[in-house]
Structures are given as structure tokens and as C-alpha cells.
Amino acid sequence: MVAAGGEKTCILRRGSIVEETDTAKLVPGDLIVLPKTGCTMSCDVVLLTGTAIVNEAMLTGESVPVTKSAVPHLDAASDEPYNPEVHNRHTIFAGTHVIQTRFYGDQEVVAVVVRTGFLTSKGELIRSILFPRPMDFKFYRDSVRFILVLFCIAAIGMVYCTYVYIKRGADISMILLRTLDIITIVVPPALPAAMTVGTVYAQNRLKKKGIFCISPARINVCGKLKLICFDKTGTLTEDGLDFKSVLPALSSEFQGTVEDITKLEDDNVLLWSLASCHSLTIINNQLQGDPLDAKMFEGTGWDLEEPGEDAEKYDKMMPTVVKPRRTSVFSMDALPLELGIIRQFPFSSSLARMSVIVRELSSSNFIIFTKGAPEKLEDICDPSSIPHDYHSKLKELTLQGYRVIALAQRQLDENVNWIKIQKMKRDAVENNLQFLGFLIMQNTLKPQTQGVISELKAAELKIVMITGDNLLTGLSVSRDSGIIDPGDRVVILDVIHRDETLCLEFQDAEGFLNEDMVDTGNNGQTAVVLSRKTHLAVSGKTWSILIKHFPDLVPRILVQGTVFARMSPDQKAHLVEELQTQGYIVSMCGDGANDCGALKAAHVGVSLSEAEASVAAPFTSKIPNISCIPTLILEGRCALVTSFGVFKYMALYSMIQFISILILYTNKTNLGDGQFLYIDLVITTTVAVLMGRTQPWTKLVKQRPVGSLISGQTLASIFCQILASLAGQLTAMFYLQWLPWYTPVSLDDPDEEIIEDALTTTIFIVSSFQYLVLATVFSTGPPYRKPFYTNLLYLGALIILGSFTLYLLFIPGIPFIQIQEFFQLKNLHTDYKIWVVVIILVNIVVNILLENLVKTGNWAKKMMHYVIRKTTPKNKYKMVLQELEADPSWPLTGLTYTATNFS
């Protein structure tokens, strides 16, 4: 028998015949047998018999073993049909590793194939990687437009070239050859490759720093990030939770806090709930399961036993038993205390709770234990068992940053037997419970969190927390981490029902306002003074209602929202997409568990998990903390500025050569093959490749680099440098033609071209220095990159190429006459050579002055706004910010919106 998911799998045929077949031949409806020792699934299957312990890290990033149970019998008349999301606990997805199977007696663990290939969960993940969502980034969009402009310029040059050669009387083949040359000159074929140079270097630097990238194009996007979303647990805080204490409740009253629960009496029902209400299991003599469950169980000091071998006797009445380590005898029959876990209702993210049904060895009664989110358990508990200060205690604990879990129980009737328990529905179990108390867990910040948050805020980046945890816990962590400053105002957006009307109400999180921060108008409405920044806190439930019933409020909520709590995985992804619609360039940073959707939806998804699920995010950090975010932004800004510089350089390189060719065509000459090779392969290739090696700047600044080629600064820079280059070459040409010893080219054959000419040599030398100078001018330094001279290879290349070009000007035939012959250079008069150098130096100074004028002045941006008649910001969030500046008191505490109107 070969494990399922390998090259072969065991398939069950009619008559209980087991056959081996290739996994590639499996189709939906096939029954397969899962081996005892585990396997890796190649398709999505539903368990029909037995149970399986699986690792779903490939899909979720969560390496905690999960127990999958057999699907209950689905009756079309009474139950809903099979759905992978609803029946998640019964479905083993493709790509997951089956650690171990457990079966009934001698029966095999059988599963039915439901999805194969790209229709599986793993297939959908692979498909999203192979065909990612199109990335709308201005730089790439504008680069295509700019190339079209170059084509238009090339068309003008082709018309002029045709006119010149027809006037000369050249042959049609010569006209076609020189006309088509214009296209390759104006639109250089190396442009796309050159633009990726900065990205390639950035990717290599990130790899050395432990940040891996599977989508290099996203590196440039990092340079324009405006908003960073963080998950809480495992991202801002430590991954694991530590047991803090329990707060028991008795007779609808909270008792004193108990920090050492081993001191509780063994017959304490609260202790029983802590010892049994979990999904832990033993694999290879090791306790495996959710870390929260493990910490909770370890705090009790009890032991967990599963009778029999790992994969055998799973049909026992009590497959899992928990008992104190010390001998405890208190029952009538003097039997030791043991709790058997009869049935388990696994944790559901939609219900935010889990339950177990247990029986004490000496008792005939069964007990239900449930644990989950306090706001969820309150709804299914007997109101008489809820303490009057339930909410105030919960708020007090969560504001201190603790993770609070509610515990409850209910005794079942004596006539309920084992068979009835196996048939009970979940909603029949989880109701009318008796509240037992709170389990309090603490989750500390990672050491790097506060420093990174401070660095990001100093750069004026908006920071948002998206967590599945309690809202008040999220607010506490936000304040501790520095996302919300101590003096900032926090307003909670809550949903209330009033006279059968759905309403949204703004409530101050502190519960009060200082007198010096409020102003009461004539109408008695409280308005907040401008002295504090306002943050909104929203829960997942409120978010759903907000999107559906109050879409007009969404932009303001998104702009001022800082903490989004109790968010499901789908809500996280939806929130990221909504932020993008407001014009934000969004990054999502999570630990991989429940964050995959948001990681894929964001412009820049960063996974802190090294599990296979990290392939869903463009970036994966080997260092499990958020210190990778500033590194990414610095590298992104460096790569983006480099891409702009290389693009501008390649555009100027083509325009300089375009100018040179038109000047030479007009004067009946052309550049030689050696000269073309030197310009295209030696100068341009070397410069374009090495200028991207410059390291990023060491500190984040408030200003973000320009993200569009169609901007005033970029266009002004390109236009001014074209004029300067044109002036430099024309000056050299006119000065040469003014000299009495210069003789213009005279051709007997119109198809002939004289290469070895003074004008050709002059234009070649002047243009070669223009290529080198413009590459340096466009090598932007601080505050996004280090100065160009720190790039030693690039600096060395400039010195070598500049020196060699001077050598070609002054002494090309000494000592190697072959060099002069290869470049087809003409010896010039010594005095004229000096003037050529003067023209080059003046051209260099003009290039540098023009670039500094464009960078430091705001005139180019204002001119662009005037030309395109820009009066309002393009990004929606900027317009919302302008509205909020005009109405700084929004939102007013106590302000209520209804679904139809507001008051």
C-alpha cells in the first residue's frame, strides 16, 4: 500500500476491493483509503470514517496540528448540503500533511474525493501565484505611455530622415535602412531590461537581509507605501500566549482572581473546564494542539491520556481522558477522578467558540463545557448566571491588554446516553449555559515593535491594526506599541438597535472627556477641540453593517480608522481592498495564519511566517518581527528612484543619439560601427547596470519619491536635459563649421557616407561625455539613496570611461593605431580639442544646475497642475482629509446615524 498523495494511492472499488492507482487519475467521487502513517494529500477529500490529524501550514501558515473528524450523515431533507467552508473540520485539503489517522476497530479511514487539480484549495493558491491580480501602479502605466511618445518622436525623425536622403538622391534601400535605424535609436530595445536593474539589486540586498521576494515588480511599489496594516498576535506581539490567571464567577458574582489554578480543589467545575475544553492530542508521546489550549491545560497540572496506540482503538467510549497528576478520590465509589472527553465540537471562527461533552468516571451524568469570546458566550448563557459587572470587568481586563476567554458549563439530563450525545446538534448543546468565569491570558509586545512603529510614524505613514482579537485588547496593544499616542482621542463605532432601527453610534473609548478638551455649544452638543488626533476603532460586526447600510460613511471611517478588531479572514481582505479604493498604497504584514487573503489583496503583502503559506505573499521575512517593514520601504524607495533614474537616462540616451544622428545625416555623414558599439555596449550598458548598485539611504523621511513619469518634476527634468544636450552638440557643430580649416563633406555617390570626419569625431566625443554626465545627474542621492560616489564600481566605471574618451579625443593613435582605425576617428587640431573640452565642461555645469533647479524648485509641479487644470487631489483619501480638516470635531461623541437618516 502506497501513501495517498504520492505517486500511488489506494482506491476503494465496489465489493470493498482496494486497488492502487496514480493520484493523477483521481476524480471527484472516488473513495480512497488513507494510510495509518500519514501522507500528503493531492486532492480535497471529505472523511467518511475515522479521524485524521493534519498540518495545514501549506494553506494557513499555522503549523499547529488540527484534528479532522468524519463528516456526519448529511440528510438533504434536514441538513444543508456539503460545503467546504461550512464542513471545514471534516475536509482534508490538498497540500496538507496528514500526520496520522485513527480508525474504528479493523476498519480503514476512508475519504471521498471532492475536488482535484486547480479546483482544490492548494490549486487556487497556486493559480493566484501564477496569475496574480493585476497591479495598477502609475510608474508601469506611465512608462508605456512614455514609450508611445518616443514612437511619435521616432516617426517625426523618420519623416525628416526620409526627406534628407530623398533630397540627397539616395537609393530606396539606403533610405529604408537609415529610416528604420531611427526606431532602434529613439526606442532602445534595452529599455525594459535596464529598468529592472535597480529592482534586481534591491532583491539581492533584501535576500541578504532575510527578506525573500517572489514578485520583484512589487519592490518598486514599496517605495510609494502610504499605509501599513499589521496583524496583532504573532506580528506586533509574541506568537504565544502565557497563562495569567482565572477570574471565577459563583452565584452571579465574580470571586477573587486565582493566579495558580493548581490550588483549586479537584472537584471545582471551573478547573474541569480548563482541563477538558480543548482539542489537544498526543502524537509520538508529545502533547500537540493549539498553543492557547496547551498553555491552559499545562496550567492545570493535569495529565492527558489516549488509550491504545496512536492509530488504534479510536472507537472506545472515552478515547481521551484527563486526570490530576496527584491521586484524587472524592466520589462515593472511591474511584479516582478521571474525565472522559466523549464528544468535541471544534472551534469555529464564525461562532468564536468550542465545546466538549465530558463524563466523570464515577458519574452517570454528562457535562457540557464551552469556551470562547466573551461577547459570544454571553448570548448563549443563562442571564441569571451573568454577573452584573460582566462588561466592566471585561473592559478593565482588555484595556490592560489581556486576552480574555469566557468559560461556561451545563449539566445534561440523566436520561441522555452516549448514543444520544453522538446525534446531538451543536445548537442544542450550546445554549442555556451557566457562566463559570474568565480565563485571562497575556500577550506581550515583541521587543522591536515600539521602535519600528515610532520610525514609521516619524515618516508620516498611516498605521492600522487588523486583528481577530477583542476590540479593547487591540486598543490596549495599539497604545502600548505607539500606534495611538497617549494624548490621542479614541472613538469606538458601535452598532445599536433602537426602536427596531439599525443605528451606528460613536462612543468615546475612555468613557469621559477632559473639560479643557470640549466645548458645549448653544444646542448642548459636545464638540471636541482640535488639540487631539482622533482614531476610530471598529469591530468586524460593525464593519459588515457599515459596508451594507452606511456606505457614505465608509471613506471617513477608513481615513480615521486605526483599530479593526474581531475581523474574519474575509473581512481583513475586504478592508484592504476598500483602503485601496481610497487611493492608498497598502501593505499588509501578518504571520500567515488567517491573513492569506489580506496578504494577497494588498499591494505589498509581507508574511512573517516561514511556512509554505508565505508563497501567498509577495514578501516573506525570515526575521519574525516587523523590523522588515522599514527595510522594505527603504529598499523600495531606492529601487523606485533608481528605476526613474535609469528610465530618464535611457530616454535621454536615445534622444542624445537621435540628435547626433540627425545632425550627422544632415551633414552627409554618420557614426561608425565602432562608435555605435562603444556608445551602446560599453558606455550605456555599463552605466545602466552599475548605477543601480547604489545602496538605499539609512533613514526614512516624510517625503515619498515621485511615483509617476507624467509629473511636472520628471517631465521638466527630461525636457531641460534634452535642450541642454541639444545646445551642447549644436554649439560644438557650429563652432567647428566656423573654423576656417573645416571642410564640409562632399559626396560623389549619394549612397556613400564619410565616417572619418571632424564633425563625426566631435559629435561622438561630446555625446559620449553627455551619456556619462547625465547618468551621474540622474543618480539621485539622499534622502532615498546614498551618494553616487559610495557606489565604488559605478564611480570606477565613470573614471575609466571618462579617461578613455579623453584619450580618444587627444591621442587615439598612441600607442595603438588600431584603436583610431577601429573607431574611425579623425585627428583634430590641438586648439580645437581644448575648446571641445571647454564645451563639454560648460555642458556638464548646465546639466547639474538644471537638475538641481528642477529638484529644489516647486515651479515644475505648479506648472504641471496649471497645464492639466488640477484643482483637487486625485486620491480620494486626500479629499476626505480635506473634509475632516474643515470639520475637525467629527465625529461627535454620542452622534448617531440610522440607516435612513442621521441625527
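Values in this document were obtained by computation on a predicted structure and should not be read as measured data.

Re the overall build of the protein chain
Helix and strand counts for the protein chain stand at 28 helices and 34 strands. Of the contacts formed within the protein chain by residues at least 6 apart in sequence, a portion of 71% connects residues at least 24 apart. Of the roughly 40,600 Å² that the protein chain leaves accessible, carbon and sulfur atoms contribute 57%.

Focus on the pattern of salt bridges
Two side chains that carry opposite charge are able to pair once their charged atoms sit near each other. Applying the stated criterion across every chain yields a total of 19 salt bridges. With a closest N to O distance of 3.9 Å, R556 and E883 form a salt bridge. Pair noted here: R556 is in helix α17 (residues 554–560) and E883 is in helix α28 (residues 876–886), with a separation of 327 residues, a long-range link. For D887, the salt bridge is made with R556, and the minimal N-O distance between the two is 3.9 Å. You can see D887 sitting in the loop between α28 and β34 (896–898) and its partner R556 sitting in helix α17, a full 331 residues away along the chain.

Focus: the packing of aromatic side chains
In this description, an aromatic ring pair is defined by two values, namely the gap between the centres and the angle between the planes. Counted under the stated rule, the structure contains 23 aromatic pairs. An angle of 85 degrees between the planes, with centres 5.9 Å apart, marks the rings of W543 and F564 as edge-to-face. Here W543 is found in helix α16 (residues 540–549), whereas its partner F564 is found in strand β30 (residues 561–565), with 21 residues between them in sequence. Here W543 matches F564 in class, with each residue buried. Note on F804 and Y807: the rings are 5.8 Å apart at their centroids and 35 degrees apart in plane angle, and the pair reads as tilted. Within this pair, F804 and its partner Y807 are both found in helix α24 (residues 792–810), separated by three residues, close to a single helical turn. Its end group placed over the ring of Y165, R168 keeps NZ or CZ at 4.4 Å from the ring centre. Residue placement shows R556 over the ring face of W890; its charged tip is 5.0 Å from the ring centre.

Quick look at the environment of T281
Its location among the elements puts T281 in strand β15 (residues 281–283). With 24 residues separating them along the chain, T281 and E305 place their C-alpha atoms 8.6 Å apart. Setting aside its immediate chain neighbours within four residues, T281 contacts I53, R102, Q286, L287, Q288 and E306.

Quick look at helix α9 (residues 291–300)
Where burial is concerned, most of α9 is hidden: seven out of the 10 residues are buried. Within α9, the full set of buried residues consists of L292, D293, A294, M296, F297, G299 and T300. Taken from the residues just after α9, G301 is the one with a positive phi, measuring 75 degrees.

Quick look at the side chain of S355
Note that S355 resides in strand β20 (residues 353–360). With relative accessibility at 0%, the residue S355 sits in the buried group. Here T370 takes part through its side chain, which lies 2.7 Å from a polar atom of the side chain of S355. At a separation of 2.6 Å, a polar atom in the side chain of S355 contacts the side chain of E430.

With respect to the nonpolar core
Counting 82 residues, the largest nonpolar core has I182, V687, F764 and L808 as its most contacted members. Considering every element that reaches this core, the biggest residue donor is helix α20 (residues 628–666), with 18 residues. Ignoring any residue separated from it by four or fewer positions in sequence, one finds F764 in contact with L671, Q675, Y678, I679, L808, F823 and L825. One finds L206, C213, C222 and V563 within the second-largest nonpolar core, a separate group that totals 44 residues.

Section: the packing of helix α6 (residues 197–208) against α20
Contact geometry of α6 with α20 gives a least axis separation of 8 Å together with a crossing angle of 160 degrees. The angle between α6 and α20 falls in the class roughly antiparallel. Viewed along their axes, α6 and α20 form a crossing whose handedness is right-handed. In contact with G198, T199, A202, R205 and L206 of α6, α20 contributes T631, L632, E635, C638, A639, T642 and S643. Partitioned by chemical class, the residues of the contact of α6 with α20 number five nonpolar, five polar and two charged.

Remarks on the sheet that holds β34
Strand order in the open sheet made by the 11 strands is β11-β33-β32-β31-β12-β24-β30-β29-β25-β26-β34, with mixed pairing throughout. The outermost strands of the open sheet, each flanked by one partner alone, are β11 (211–213) and β34. Taking the axes of each pair of neighbouring strands and ignoring which way they run, one obtains an average angle of 20 degrees across the sheet. Across four bridges, the pairing between strand β31 (residues 586–590) and strand β32 (residues 604–607) is parallel. The residue of β32 that forms the bridge with S587 is V604. Strands in contact with α16 are β25 (489–498), β26 (501–508), β29 (534–539) and β30; relative to β29, the strand with the most contacts, it is inclined by about 95 degrees.

Points about the pairing of strand β21 (residues 366–372)
For β21, a buried count of seven out of seven residues is recorded, marking the element as mostly surrounded by other parts of the structure. Of the two faces of β21, the one lined by F366, I368, T370 and G372 and the one lined by I367, F369 and K371 are each fully buried. Of the strand pairs in this sheet, β20 and β21 are connected by seven bridges, and their pairing is antiparallel. Within the sheet, the bridge partner assigned to V358 lies in β21 and is I367. Here β20 folds back onto β21, and the loop between the two strands holds five residues.

Considering the confidence of the model for the protein chain
Residues with a pLDDT of 70 or more make up 85% of the protein chain, whose mean pLDDT is 83. Note on residues 310–317: pLDDT under 50 across the span, and 24 contacts to partners over four residues away in sequence or across chains.

Some thoughts on the packing of helix α4 (residues 172–186) against α20
Contact geometry for α4 and α20: axes closest at 8 Å, N-to-C directions at 155 degrees. Here α4 is positioned roughly antiparallel relative to α20, judged by the angle of their axes. Along its contact with α4, which presents R178, D181, I182, I185 and V186, the element α20 presents S654, Q657, F658, I661, L662 and Y665. Taken together, the residues of the contact of α4 with α20 break down into seven nonpolar, two polar and two charged.

Details of helix α15 (residues 471–481)
Among the 11 residues in α15, nine count as buried, and that is most of the element. Every buried residue belonging to α15 is among L471, L472, T473, G474, L475, S476, V477, S478 and S481, and all of these are buried. Directly beyond the C-terminal end of α15, a positive phi value near 100 degrees is found at G482.

Remarks on a nonpolar patch on the surface
Residues L806, F810, I811, I814, I834, W835, V838, V842 and V846 make up a contiguous nonpolar surface patch of about 740 Å² in total accessible area. Those elements that provide at least two residues to the nonpolar patch are α24 and α26 (830–856). Assignment of secondary structure puts V838 in helix α26.

Comments concerning unusual backbone geometry
In the segment running from P782 into P783, the intervening peptide bond is cis, with an omega of 10 degrees. Here the phi dihedral of N432 falls at roughly 55 degrees; this positive angle occurs in a residue that is not glycine. Considering the arrangement of structural elements, one finds N432 in the loop between α13 (426–429) and β23 (434–442). Judged by relative accessible area, which is 46%, N432 ranks as partly exposed. We note that R566 has phi near 50 degrees; this positive angle belongs to a residue other than glycine. The topology assignment puts R566 in the loop between β30 and α18 (569–581).

Each value, and the rule that gives it
- Residues numbered from 1 in each chain as written.
- Predicted model: local features only at pLDDT ≥ 70, side-chain atom pairs only at ≥ 80, totals over all residues.
- Heavy atoms only, no water.
- Helix = DSSP H or I, 4+ residues; strand = E, 2+ residues; numbered from the N terminus.
- Contact = heavy atoms within 4.5 Å.
- Areas by Shrake-Rupley, 256 points an atom, 1.4 Å probe, with all protein chains shown as cover.
- Salt bridge = Lys/Arg side-chain N within 4 Å of Asp/Glu carboxyl O.
- Phe/Tyr/Trp six-rings, centres within 6.5 Å; stacked < 30°, edge-to-face > 60°.
- Buried < 20%, exposed > 50% of the residue type's maximum accessible area, 1.4 Å probe, protein only.
- Lys NZ or Arg CZ within 6 Å of the ring centre and 35° of its normal.
- Polar contact = N/O pair within 3.5 Å; in protein donor to acceptor, adjacent residues only side chain to side chain.
- Core = buried A, V, L, I, M, F, W, Y, C linked by side-chain atoms within 4.5 Å.
- Axes fitted to C-alpha atoms, helices over the stretch in contact; angles between N-to-C directions.
- Parallel < 35°, antiparallel > 145°, perpendicular 65-115°, else oblique.
- Left-handed = near helix turned anticlockwise from the far one by under 90°.
- Nonpolar A, V, L, I, M, F, W, Y, C, P; charged D, E, K, R; others polar.
- Pairing = 2+ DSSP bridges.
- pLDDT = per-residue confidence, 0-100.
- Patch = residues over 30% accessible without salt bridge, like charges linked within 9 Å, V, L, I, M, F, W, Y side chains within 5 Å.

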